[in-house]
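# Chains, contacts and geometry: an overview
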Amino acid sequence: MEFPKWYASITVACEPKRELGSGIVGMDLGCKVAIALSTGEMIKAPQFLAQAQPKIRHLAKKLRRKRHPEKRKVKASRRWQATQKRIRKQKRKVANQRQNWVHQTATEITCRYSIVATEKLNLQGMTRKGKRQNKQKAGLNRSMLDVSMGMLRSAIKYKLVEGEGFFMEAPTQKLKPTQRCAKCWNLTPKTLSDRVHICSNPECGHREDRDTKGTPKNKIPKKPAASSLGLHGQSPPARRHTVLLGA
């Protein structure tokens, strides 16, 4: 046992039914702003790992000074083992904080909306390591993993399915929500440093925050047909079974 911890699993014989809201919303996931809704609401990233990083680095520095285990059957010192347990405990605390925030945020969104649309992201490719050692890319990967985009997306999706709602995904490569204007549907190329959308169409000139701009078109595309863009959603199953979740 690495450090004292316990789990409680409670089984209840019932048929749970999740209550959903009646609204429709578009959602955009990011690093600085974890969730940007089409209503203009922004949910900031909690940054649990960034807050705990100084303490973890301090413990890691102390760990390097202790006698660590080696291949030639050299046992680690008791102080090394104690420091290692403190590091694991700190990392476990960050993981628990992140999981708790994900489920609370997903529940808050599903209690207000029954249809949620977002863009389809290749998170595995986005968080892939570069061929060369790049501190900027490593920091970006750390930020994306700290927000837990995949866990947050999965939590919202399964809660909507349980409540017989709909979770829709718009293909990013075809729709291009970051570049496309929400008013005139014109494409405006941007870099990562451009945080405000300014439409390049002289007849439009729409100006809006980059994060909230990408969400309205994720609901239902107005110009092209949804089938032509490959827009698809997750509908509830024909029959639902009781699902027991143990902590």
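Described below are features of the structure shown in this document. (Residues numbered from 1 in each chain as written. Predicted model: local features only at pLDDT ≥ 70, side-chain atom pairs only at ≥ 80, totals over all residues. Heavy atoms only, no water.)

Attention now moves to the overall build of the protein chain. Assigned secondary structure in the protein chain consists of eight helices and eight strands. The buried share of the protein chain, reckoned over its 247 residues, is 35%. A separation of at least 24 residues holds for 67% of the contacts in the protein chain among residues at least 6 apart in sequence. Surface summary for the protein chain: the accessible area is close to 16600 Å², and the carbon and sulfur share equals 51%. (Helix = DSSP H or I, 4+ residues; strand = E, 2+ residues; numbered from the N terminus. Buried < 20%, exposed > 50% of the residue type's maximum accessible area, 1.4 Å probe, protein only. Contact = heavy atoms within 4.5 Å. Areas by Shrake-Rupley, 256 points an atom, 1.4 Å probe, with all protein chains shown as cover.)

A separate point is the packing of helix α2 (residues 78–110) against helix α5 (residues 149–162). Packing of α2 against α5 leaves a shortest axis separation of 9 Å and a crossing angle of 40°. As summarised for this structure, α2 and α5 are arranged oblique, according to the angle between their axes. In the packing of α2 onto α5, the handedness of the crossing is right-handed. Note on element contacts: α5 touches α2 through M151, L152, A155, I156, Y158, K159 and L160, opposite Q99, W101, V102, H103, T105, A106, T107, I109 and T110. Its residues placed into classes, the contact of α2 with α5 shows ten nonpolar, five polar and one charged. (Axes fitted to C-alpha atoms, helices over the stretch in contact; angles between N-to-C directions. Parallel < 35°, antiparallel > 145°, perpendicular 65-115°, else oblique. Left-handed = near helix turned anticlockwise from the far one by under 90°. Nonpolar A, V, L, I, M, F, W, Y, C, P; charged D, E, K, R; others polar.)

With that settled, the discussion passes to the pattern of salt bridges. Tallying each qualifying case throughout the model produces three salt bridges. E162 is paired through a salt bridge with R18; the nearest N and O atoms lie 3.0 Å apart. In this pair, E162 is assigned in helix α5 and R18 in the segment before β1 (23–29), connecting sequence segments 144 residues apart. Judged by its relative accessible area of 24%, E162 falls in the partly exposed class. The salt bridge partner of R153 is E169, with a shortest N-O separation of 2.5 Å. Pair noted here: R153 is in helix α5 and E169 is in strand β5 (residues 166–171), with a separation of 16 residues, a long-range link. Classification of R153 as partly exposed rests on a relative accessible area of 24%. Residue classification places E169 among the buried residues on the basis of a relative accessible area of 8%. (Salt bridge = Lys/Arg side-chain N within 4 Å of Asp/Glu carboxyl O.)

For soluble globular proteins, nonpolar side chains are generally found buried alongside one another. One finds M27, I35, W101, I109, V116, L152 and I156 to be the most contacted residues of the largest nonpolar core, which totals 33 residues. The element contributing the most residues to this core is α2, with seven residues. Non-local contacts of I35, meaning those with residues more than four positions away in its chain, are made with M27, D28, L29, E41, M42, I43, T105, I109 and L152. (Core = buried A, V, L, I, M, F, W, Y, C linked by side-chain atoms within 4.5 Å.)

Turning next to unusual backbone geometry. Its identity is not glycine, yet Q47 carries a phi of approximately 60°, on the positive side. Examined against the element boundaries, Q47 turns out to sit in the loop between β3 (42–44) and α1 (48–64). Judged by relative accessible area, which is 41%, Q47 ranks as partly exposed. With phi around 65°, E164 is a residue other than glycine that occupies positive phi space. Within the secondary structure, E164 is located in the loop between α5 and β5.

Attention shifts here to the packing of α1 against α2. The contact between α1 and α2 brings their axes to 9 Å, and the two run at 170°. Relative to α2, the element α1 lies roughly antiparallel. Seen from α1, the contacting residues are F48, L49, A52, K55, I56, L59, A60, K62 and L63; seen from α2, they are W80, T83, Q84, R86, I87, Q90, K91, V94, Q97, R98 and W101.

Attention shifts here to the side chain of Q90. Structurally, the position occupied by Q90 is in helix α2. Residues contacting Q90, with those up to four places away along its chain left out, are A52, K55 and I56.

Another point: α1. Residues separated by three or four positions in an α-helix point in the same direction, a consequence of the helix having 3.6 residues per turn. For α1, with 17 residues, the first-to-last C-alpha span of 24 Å sits near the 24 Å given by 1.5 Å per residue. When we look at burial in α1, the residues that qualify are F48, L49, A52, Q53, I56, L59 and L63. (Expected span 1.5 Å × (residues − 1).)

This part covers the pairing of strand β2 (residues 33–37). The buried fraction of β2 is high, at five of five residues. Note that β1 and β2 share three bridges and pair antiparallel. Bridging across to β2, M27 finds its partner in L37. Linking β1 to β2, which pair antiparallel, is a turn of three residues. (Pairing = 2+ DSSP bridges.)

Given a rise of 1.5 Å per residue, 14 residues ought to cover 20 Å, and the 20 Å separating the end C-alpha atoms of α5 matches this to within 8%. Buried residues of α5: M149, L152, A155, I156, K159, L160 and V161, and no others. Looking one or two places after α5, you find E164, whose phi comes out positive at around 65°.

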